[in-house]
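The chain contents come next:
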Amino acid sequence: MKKFKYILLIGIIAALGVPFSCSDDFVDVPNKEVLTESSFWLTEQHALQALTATYGAIHSSGGSKWTFFEEIYTAMAYRGDDVINNTAETYSRALASFNNTTEASGPYNIWRSSYAGIGRANQILQRVPDMEAVAQEDRDVIVAEAKFLRALYYFWLVTGFEKIPLVTTFDTNPANLFPSQVEASEIWAQIEKDLTEAENDMLDSHTADWKGRATKGSAKALLGKAYLFQEKWAEAEAKLAEVVGMDYQLLSNYADNFNGKGENGSESVFEIQFSGDRSGGNDERQVFNFQVSPYAFGGWELFYPSEWLVEEMKTDLTPDGEISERVYESIFFDDPESEMYSRADDEVRSYASVSGDLNHPRYFKKYSANEDTNFYNGTNITLIRFSDVLLMYAEALNENGKTDEAIAEVNKVRERGKAASITIGSMSQSELRTQIRHHERPVELAMEFGIRWFDLYRWQRGNTAKESIKTTLENHNKPLVENFQDKHILYPIPLQEMNINQNLDQNHPDW
């Protein structure tokens, strides 16, 4: 979907329904450069433009990569035990130290972007079904993708804020623009409904021109994840088994998930698309490579792997007792075999050769380089990949008492990363649960978008082997964990929204 540009359609987002024309006593000529209710929603191109805008909210409400990487990503990642922030940088620093207020910009941008996406999806769901100029089968697919995206945005909101407004129609009546919150259970029910309906009409795959659009597998995987978060173990097992039974495959080379070689490939279930186009004033690149790379390599080093994560990764061993490939492709650390691409030298450097020039002892390697030159690239960011599906499936199997079957699924992920298999029958249900929670998932999925913190969140909120976030962070030596309070389990409802909508209540009394 590289040509499926994330363009903000001003007419859709802000000005639909506000007609503008040049007129006098003799002539009334519509201004064709301004979209209105009557000039839009007429053609297939219009429907696809509306869908593009709905995808675009994944980047941010305004489509900015900077908002995505420096606000939304950092807000989702910095509280976890796998990532520590560079305290010299301001991005989400207060969130990372559990000193944020209700004015924190990261949570506000998550809220704002999610509701922008929901609003755009709602417009599609109201208008596209009646667009007779669009073939019925195409309308069905566009509507299904809009439902998937609405479910994704609500997933971000309910796991981040819990009690939130549920908005399923696009309404311009000022009296209806200040909705109250509903219980989280109502949001989960809407997510399930949207995804159940969406998977029926979504395509198994898209043509090359539209690679990256959500598919039937995307909807099934997100629905399975939604069941997992609600501890609906039987439903989660069944739905994730459907995804496992599809055509997805783990890439033979773990690193190809992050260097651009495997994007939209066999392991991709759903990715955020970046084209890398910088022509004509565009800047459609992703910037993880700058953010994770050392200053000495020409990077910005916004954040680092935590000491706990690195020490845990060092226990991920091959059958010969060596550190596994997935570890070497995930982090750059003090080890004779560790190496990373340096933009400053335009070559791969060993850790030993540059250790004296490094500002920090540990770095992430994921997304640090690809085949493009000048360090500017369009490598996609994965939201759901097949290894995550396999580990979620294993978790559901284990909670359903099928521990040996679960170990077999875990081993698929381990073996691809060149880690030694776990012997079938060697672990109890409790032991495998701990292995999945605090080794397999963080080692395989470290720093990946929207994963680790929300795993910690669901195990805190759940009833199955409930785990305190604070205790986990303490055990894993999270910096400034002493500041953590129960209110930090959720993002606060943004003060900006509270000031606008008097029907909102804060989600914790201590905010």
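Residues numbered from 1 in each chain as written. Predicted model: local features only at pLDDT ≥ 70, side-chain atom pairs only at ≥ 80, totals over all residues. Heavy atoms only, no water.

## Notes on the confidence of the model for the chain
- The predicted model of the chain has a mean per-residue pLDDT of 92, with 92% of residues at 70 or higher.
- Taken as a whole, residues 1-29 scores under 50 in pLDDT and shows 73 contacts with residues more than four places along the chain or in a different chain. (pLDDT = per-residue confidence, 0-100. Contact = heavy atoms within 4.5 Å.)

## Some details on helix H7 (residues 184-201)
- Relative to the 26 Å expected for 18 residues at 1.5 Å per residue, H7 spans 27 Å between its end C-alpha atoms, a close match to the ideal helical length.
- When H7 is considered as a whole, its buried residues turn out to be Ala184, Ile187, Trp188, Gln190, Ile191, Glu192, Asp194, Leu195, Ala198 and Glu199.
- Elements in contact with the buried residues of H7: helix H6 (136-160), strand E4 (164-165), strand E5 (181-182), helix H8 (216-229) and helix H9 (233-244). (Helix = DSSP H or I, 4+ residues; strand = E, 2+ residues; numbered from the N terminus. Expected span 1.5 Å × (residues − 1). Buried < 20%, exposed > 50% of the residue type's maximum accessible area, 1.4 Å probe, protein only.)

## So, the side chain of Arg452
- For Arg452, the location among the structural elements is in helix H17 (residues 452-461).
- A distance of 3.0 Å separates the side chain of Arg452 from the side chain of His438, its partner in a polar contact.
- Once you skip the residues sitting within four places of it in the chain, Arg452 turns out to touch Asp81, Asp82, Trp308, Arg437, His438, Pro442, Trp459 and His476. (Polar contact = N/O pair within 3.5 Å; in protein donor to acceptor, adjacent residues only side chain to side chain.)

## Some thoughts on H8
- Helix length check: H8, at 14 residues, gives a terminal C-alpha distance of 20 Å against a target of 20 Å (1.5 Å per residue), a fit within 8%.
- Judged by how many residues are buried, H8 sits mostly within the fold: 14 of 14 residues are covered.
- Taken from the residues just after H8, Glu231 is the one with a positive phi, measuring 60°.

## Things to note about the pattern of salt bridges
- Within the structure shown, the criterion is met by 34 salt bridges.
- Where Arg414 meets Asp316, a salt bridge forms, and the shortest distance between an N and an O atom there is 3.4 Å. Linking Arg414 in helix H15 (residues 403-416) with Asp316 in the loop between helix H11 (307-313) and helix H12 (325-328), this pair joins segments that are 98 residues apart in sequence.
- Its relative accessible area of 7% is what places Arg414 among the buried residues.
- Here Glu399 and Arg433 are joined by a salt bridge, their closest N and O atoms 2.8 Å apart. Of this pair, Glu399 sits in helix H14 (residues 386-399) while Arg433 sits in helix H16 (residues 429-445), and the two are 34 residues apart along the sequence. (Salt bridge = Lys/Arg side-chain N within 4 Å of Asp/Glu carboxyl O.)

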